[in-house]
Amino acid sequence: MPVNPLLAKLENILGPGGVVSSEALSERATSYWNPAPTRALALLRPDSTEQLSQVMRHCHEHGQSMVIEGGRTGVVAGAESRAEDVIISLERMSAIESVDEVGGTAIIQGGAVLQTVQEQLAEQGFLFPLDLGARGSCTIGGTVATNAGGMNVLRYGMMRHLVLGLEAVLADGTVVSSMNQMLKNNTGYDLKQLFIGSEGTLGVVTRAVLRLFPLPASRQTAMVAMQSFDEVVRLLRTSQAELAGTLSAYEVMWNSYYRAVTEPDGHRPPMDRDHAFYVMIEAEGADPEADELRFNRLLEQTLESACIVDAVIPKSDAERRALWNVREEFDAILPAFLYDVSLPIRDMPAYVDGLSDDLRARWPAVEFQVFGHMADGNLHLFVNPCEEGVSQSDCDELVYQRLARYQGSISAEHGIGLEKRAWLSSSRNVQEIRLMKSIKASLDPRGLLNPGRII
Ligand SMILES: Cc1cc2nc3c(=O)[nH]c(=O)nc-3n(C[C@H](O)[C@H](O)[C@H](O)COP(=O)(O)OP(=O)(O)OC[C@H]3O[C@@H](n4cnc5c(N)ncnc54)[C@H](O)[C@@H]3O)c2cc1C
């Protein structure tokens, strides 16, 4: 086999174990969502920013396209490579470099896995509040690149709100170090925000300065059931008003979702399967006695007023995890087309019911489940047309055309990637897209980094 001169050079820079061959890659799945074998020229594993910078400089000189991967849990195919791409992985750059206990910040490398970061910081008394079902695989670099959301956005914001500074390597190997550690810093353009949510199209995020919070002293969790969407909204407002700012998660499951994941081969149903809505509600505070009293009073009052019709309160961490698994683990539903839309909360019932009618009219046997981060205006939809030969774009049309009536967004937290590119203009105007293209052209004029994503 002829030796690829670029790969030979990269092997030299990266040393033993630094390059994974295309043959070895073909034995692993493309991503969490795509079981097809990974296709790429090679996977590159730098162990420092300097090494990565050299690698990218050489790729740039050779016109070599580069695709960045983190934990490969992203939902819009952003990390999926073609046979002609090299993959850049930060799996050898996964350290927690330092923790500033006074300032409440940590410097973390881009390849660190979210759950490891959460656990190690908890041992030092800190909460890093970003949390999502993919926590065991997704990385800090990946969550920065996608501006991930998850369960605690209503209290702590998205990844964008948790990053104070970062370091990124541009397509030509230039290292941009913007490792600000302060909450306030108005010295010109906030460059880190360019990279957050840019899905790897502008640079590789190698390190980030993250905001930390005190580890909560108490946590109350419940799964509750309700009979109407009005009651779901009422409980949200009451919780926000009466839990003294401790509400940290409010996750809603429509009956269709709850039933699907609690079929006999799925999760054990914590409560009756006939309620219209189920909500995971969680509060985290600093005063265990007062917090518990307040939480229990809320549940009692809302049960008395029939706002909620059933409630399960876990008595141990294991019981809490089992409840959350109902919301977070949806393997029983897959394969299906997954959507991630946002729209005003008041319009959610009309949108879901209208879309359900549209889908059923097109595919009478369709399976349609709804759940999500309702308090953030964010719903996830699973659609399985249950018919041969239906493509995702057939389904996109129905989902997004109805969404346009409510000025909703086609991506609340998953990003655009390769999958939603054709629909970008339904959520962004011509001037916005033109500006995005000019930013991309200025940072990566040869279009080598994550080509074809977003714009
Ligand atoms: C079970 C499950 C639950 C999920 N729940 C949520 C949720 O609640 N909220 C949510 O927002 N998402 C959720 N996701 C989606 C996914 O976990 C997030 O998008 C996550 O941020 C992706 O991180 P990753 O490390 O896996 O990145 P990857 O999937 O590997 O990559 C995602 C994108 O980021 C780019 N990228 C990766 N690393 C870097 C880097 N270091 N520098 C620059 N670009 C990079 C890639 O090129 C790609 O475009 C879920 C996924 C699963 C499987």
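Before reading further, recall that the structure is shown in the block above.
All values derive from a computational prediction rather than experimental measurement.

Student: I'd like to hear about the nonpolar core, residue by residue, with values.
Tutor: Counting residues in hydrophobic clusters, the biggest one holds 52 residues, and the most contacted among them are Tyr 351 and Leu 381. Each of two domains, domain 3 (218–328) and domain 4 (334–430), supplies a minimum of three residues to this core. Counting residues in each nonpolar core, the second largest holds 31 residues, with Ala 112, Leu 121, Ile 196 and Leu 443 among its members.

Student: Please set out the site of the ligand residue by residue, giving values where relevant.
Tutor: Among the 36 residues in the neighbourhood of the ligand, the closest are listed as Ile 68, Gly 70, Thr 73, Gly 74 and Asn 450. In the environment of the ligand, an oxygen atom lies 2.7 Å from a nitrogen or oxygen atom belonging to the side chain of Thr 73. One nitrogen or oxygen atom from the side chain of Thr 146 is found 2.8 Å from an oxygen atom belonging to the ligand. Alone, the ligand offers 970 Å² of accessible surface; in the complex the protein occludes 96% of this. For the shell around the ligand, the secondary-structure elements that each account for two or more residues are strand S3 (66–69), helix H5 (140–146) and strand S10 (204–211). The element contributing the most residues to the shell around the ligand is H5, with 5 residues. Looking at side-chain class alone, the shell around the ligand contains 14 nonpolar, 18 polar and 4 charged residues.

Student: Report on helix H1 (residues 5–14), specifying residues and quantitative values.
Tutor: Turning to H1, its buried residues number three or more, namely Leu 6, Leu 7, Leu 10, Ile 13 and Leu 14. The arc that holds every buried residue of H1, seen down its axis, measures 120 degrees, which confines them to one face. Exposed residues pointing more than 90 degrees away from the buried face of H1 are listed as Pro 5 and Asn 12. Lining the buried residues of H1 we find strand S1 (19–21), strand S2 (42–44), helix H3 (49–61) and strand S4 (86–89). Here H1 starts with a cap whose side-chain oxygen sits 2.8 Å from the backbone nitrogen of Leu 6, and that cap is Asn 4. Two residues or fewer after H1 comes Gly 15, characterised by a positive phi angle close to 75 degrees.

Basis of the calculations
- Residues numbered from 1 in each chain as written.
- Predicted model: local features only at pLDDT ≥ 70, side-chain atom pairs only at ≥ 80, totals over all residues.
- Heavy atoms only, no water.
- Core = buried A, V, L, I, M, F, W, Y, C linked by side-chain atoms within 4.5 Å.
- Buried < 20%, exposed > 50% of the residue type's maximum accessible area, 1.4 Å probe, protein only.
- Domains from an automatic or database assignment.
- Near = heavy atom within 4 Å.
- Polar contact = N/O pair within 3.5 Å; in protein donor to acceptor, adjacent residues only side chain to side chain.
- Areas by Shrake-Rupley, 256 points an atom, 1.4 Å probe, with all protein chains shown as cover.
- Helix = DSSP H or I, 4+ residues; strand = E, 2+ residues; numbered from the N terminus.
- Nonpolar A, V, L, I, M, F, W, Y, C, P; charged D, E, K, R; others polar.
- Arc of directions from axis to C-beta.
- Contact = heavy atoms within 4.5 Å.

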